[in-house]
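Below, each chain spelled out in residue letters.
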Amino acid sequence: MSAAAEVKRITTATLQKMKASGQKISMLTAYDFSFARMIDGAGIDVILVGDSASNVMAGHETTLPITLDQMIYHAQSVVRGAKRCLIVVDMPFGSYQGNGDIALASAIRIMKETGAHAVKMEGGEEILDSVKRIISAGIPIMAHLGLTPQSIYKFGSYNVRAKEEAEANKLKKDALLLQDAGCFAVVLEKIPATLAREVSDSLEVPTIGIGAGAHCDGQVLVMHDMLGINTEFRPRFLRQYLNIHEQVTGAVKQYIDDVKSGGFPTDAESY
Ligand code: KIV
């Protein structure tokens, strides 16, 4: 058996089994080949090709501007780098809202052109028709409730969602509707930990939290935030594991000094 054939791919069924056996699910975003290879090699369960690429890769203020073509480009790069984890691709703003035909066509493009394994969509009852159309085509969907950044101009801020009873009740109802429609997991973003626990206990499919406390079945962070590439964003839920910004700046300063002083290259670095 070749080395490539030995890699056992994580599937949506694996995540289901992990929830059933109480094993936590680890998920991180990635947007390119090199980071996907490192993150996959480290043993992550799921890579999300997030539309946060709009922020951390392209420098936009929100996730709204990124296009379907751009998401497909990022996802193709990630798929080439990651051999073991499940790869989920965000459907960008405008590629699914309000029209089941467009939603299905967008999801099919993602699956066909990237080789990824599933798509993620933000919203509850409002997008249920699109969710059902996509699932009926055999495409797995990870749902996303709570703070849904594609609706930032409706919310008006990135504050914690569903603190009030009415919004919490809607979220609980949406989670069940999405599970019944066939979604294989639900991201819960920036909601109270007690609510996330209640939702996680009520669902058979796994919940993946970001700013939703410890009782979710898994956790996700944006790679640029947890590695300290992007150091300006420091919400309370974020644990920063590295300060790559500092390390890269230090290395680049050293390189500049070496070039300016004539210390690079040496004879050993020349032909
Ligand atoms: O786009 C993204 O990175 C996300 C995560 C924050 C869950 O949707």
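Counting restarts for each chain: residues are numbered from 1 in the order of the written sequence. At least 70 in pLDDT is required for a residue's local features to be given in this predicted model, at least 80 for side-chain atom pairs to be given and counted, and no such filter applies to totals for whole chains, interfaces and linings, which use all residues. Hydrogens and water molecules were not included; the side-chain quantities draw on all heavy atoms of the structure.

- Looking at an unreviewed UniProt entry, the protein chain carries the name 3-methyl-2-oxobutanoate hydroxymethyltransferase, with the source organism given as Flaviaesturariibacter flavus.
- Quoted verbatim from the Subunit (unreviewed entry) field of UniProt, the annotation for the protein chain is "Homodecamer; pentamer of dimers."
- UniProt positions are given in the numbering used here, feature names are shortened, and annotations may be inferred rather than shown by experiment. Quoted verbatim from the Catalytic activity (unreviewed entry) field of UniProt, the annotation for the protein chain is "(6R)-5,10-methylene-5,6,7,8-tetrahydrofolate + 3-methyl-2-oxobutanoate + H2O = 2-dehydropantoate + (6S)-5,6,7,8-tetrahydrofolate".

Quick word on the packing of helix α7 (residues 128-136) against helix α9 (residues 165-181)
- Where helices are involved, their axes are fitted lines through C-alpha atoms of the stretch in contact, as for all axes, and angles between N-to-C directions lie from 0 to 180°. Only DSSP runs of H or I covering at least 4 residues are called helices, and only runs of E covering at least 2 are called strands; the numbering of each starts at the N terminus. Running from N to C, α7 and α9 point in directions that differ by 25°, and their axes come no closer than 10 Å. By the criterion of interaxial angle, the relationship of α7 to α9 is roughly parallel. The interaxial crossing formed by α7 with α9 has right-handed handedness. In contact with Leu128, Val131, Lys132 and Ile135 of α7, α9 contributes Leu177, Leu178 and Ala181.
- Ten residue types, Ala, Val, Leu, Ile, Met, Phe, Trp, Tyr, Cys and Pro, are classed as nonpolar, four, Asp, Glu, Lys and Arg, as charged, and the remainder, Gly among them, as polar. Considered class by class, the residues forming the contact of α7 with α9 number six nonpolar, no polar and one charged. For classification, angles of less than 35 degrees are called roughly parallel, those exceeding 145 degrees roughly antiparallel, those between 65 and 115 degrees roughly perpendicular, and all remaining angles oblique. Note on convention: near helix rotated counterclockwise from far helix by under a right angle means a left-handed crossing. Clockwise means right-handed. Whether two residues touch is decided by their heavy atoms; if any such pair falls within 4.5 Å, the residues are in contact.

A look at α7
- Note on classification: 1.4 Å probe, protein chains only; a residue is buried when its accessible area is under 20% of the maximum for its type, exposed when over 50%, partly exposed between these limits. Listed as buried for α7 are Leu128, Ser130, Val131 and Ile134. Taken down its axis, α7 places every buried residue within 160° of arc, on the same side. Those residues of α7 that are exposed and angled more than 90 degrees off the buried face are Asp129 and Ser136.
- In this structure, the buried residues of α7 make contact with α6 (100-114), β4 (118-122), β5 (141-146) and α9.
- Positive backbone phi, approximately 85°, marks glycine 138, located one or two places after α7. Here the arc refers to the directions that run from the helix axis out to each C-beta atom.

A look at the packing of aromatic side chains
- Planes of paired rings set the category: under 30 degrees apart is stacked, over 60 is edge-to-face and the rest tilted, where pairs are Phe, Tyr or Trp rings (Trp by its six-membered ring) whose centres lie within 6.5 Å. Enumeration over the complete set of coordinates arrives at two aromatic pairs.
- On the basis of an interplanar angle of 70° and a centroid distance of 6.5 Å, the ring pair of phenylalanine 233 and phenylalanine 237 is categorised as edge-to-face.
- Any Lys NZ or Arg CZ that is within 6 Å of a ring centre and within 35 degrees of that ring's normal is treated as a charge sitting over the ring. Taking the ring centre of phenylalanine 155 as reference, the NZ or CZ of arginine 161 above it sits at 3.9 Å.

Let's talk about the sheet that holds β5
- Here, any two strands with at least 2 DSSP bridges between them count as paired. In spatial order, the strands read β1-β2-β3-β4-β5-β6-β7-β8; together these eight strands close into a barrel with parallel pairing. When the angles between neighbouring strand axes are averaged without regard to direction, this sheet yields 25°.
- Sitting on the sheet, α7 is in contact with β4 and β5, with an inclination near 175° to β4.

Side note on the UniProt feature "binding site: Mg(2+)" (unreviewed entry) in the protein chain
- In the numbering used here, UniProt assigns the "binding site: Mg(2+)" (unreviewed entry) feature to Asp51, Asp90 and Glu122. Over a stretch of 72 residues, the named residues converge on one spot in the fold, their C-alpha atoms separated by at most 10.8 Å.
- Structurally, aspartate 90 is set in strand β3 (residues 86-90).
- When its relative accessible area of 2% is taken as the criterion, aspartate 90 is described as buried.
- If we skip the residues at most four places from it in the chain, aspartate 90 touches Leu48, Val49, Gly50, Asp51, Met71, Ile110 and Lys120.
- Whenever two N or O atoms come within 3.5 Å, that pair is a polar contact, provided that in protein one can donate a hydrogen and the other can accept it, and provided that, for residues adjacent in sequence, both atoms are side-chain atoms. Within polar-contact distance, the side chain of aspartate 90 engages the backbone nitrogen of aspartate 51 at 2.8 Å.
- Judged by relative accessible area, which is 6%, glutamate 122 ranks as buried.
- Excluding residues within four positions of it along the chain, glutamate 122 makes contact with Asp51, Tyr96, Ile127, His144, Thr148, Pro149, Gln150 and Ser151.

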